[in-house]
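# Per-entry structural report
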Amino acid sequence: MPRPAVLVVDPEASRRKELSHGLTEFGYEVIPAIDERQGLRYAETLGPGIVVAPASVASNGGSPLFQRFSSRTPESEHMLLLLGEGEQDGRELPEEVLFLSSRGL
């Protein structure tokens, strides 16, 4: 069974490259995006199954990227994974959104 495509949205170049490289080694097709605007554009045309982004996209009511991918329904085929510095960054997220503390990664 093929693995879903992963959209990695991160303005920090080194982290974006490391995440992309690591996921590629595990057999995922990775689409790197330098910012939310580019990520949304790629998402509309490529339809990734997983979106990985910094937890900051959820602040202040959420960005367009957060709003687009934070609600999962039974028929949706995507998952949003947010990366934060510590567990406190993931406390206020909807249960449909996955959170991973990336401190030390």
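An account of the accompanying structure is given in this report. (Residues numbered from 1 in each chain as written. Predicted model: local features only at pLDDT ≥ 70, side-chain atom pairs only at ≥ 80, totals over all residues. Heavy atoms only, no water.)

## Looking at the pairing of strand 3 (residues 50-54)
How we decide: Note on classification: 1.4 Å probe, protein chains only; a residue is buried when its accessible area is under 20% of the maximum for its type, exposed when over 50%, partly exposed between these limits. Only DSSP runs of H or I covering at least 4 residues are called helices, and only runs of E covering at least 2 are called strands; the numbering of each starts at the N terminus. In this analysis, strands are considered paired if DSSP registers two or more bridges between them.
With respect to burial, strand 3 is a largely interior element, five of its five residues being buried. Residues Ile50, Val52 and Pro54 of strand 3 are buried on one face, and the alternating residues Val51 and Ala53, pointing to the opposite face, are buried as well. Relative to strand 3, strand 1 (residues 6-9) runs parallel, the two sharing three bridges. When the bridges of strand 3 are listed, Val6 appears paired with Ile50.

## Quick word on the sheet that holds strand 4 (residues 79-84)
Selection criterion: Fitting a line to C-alpha atoms yields each axis, with helices limited to the stretch in contact; the angle taken between N-to-C directions then spans 0 to 180 degrees. In this description, contact between two residues means that some pair of their heavy atoms is separated by no more than 4.5 Å.
Strand order in the open sheet formed by five strands is 2-1-3-4-5, with parallel pairing between adjacent strands. Every other strand in the sheet has two partners, leaving strand 2 (30-33) and strand 5 (98-101) as the edge strands with one partner each. Pairs of neighbouring strands in the sheet enclose a mean axial angle of 20°, with direction left out of account. Two elements, strand 4 and strand 5, share four bridges in a ladder whose sense is parallel. Residue pairing in the sheet places Leu81 in a bridge with Leu98 of strand 5. Together, strand 1, strand 2, strand 3 and strand 4 form the strand contacts of helix 1 (residues 13-25), whose direction differs from that of strand 2 by roughly 175°. Docked against the sheet, helix 2 (residues 36-46) engages strand 1 and strand 2, running at close to 150° with respect to strand 2.

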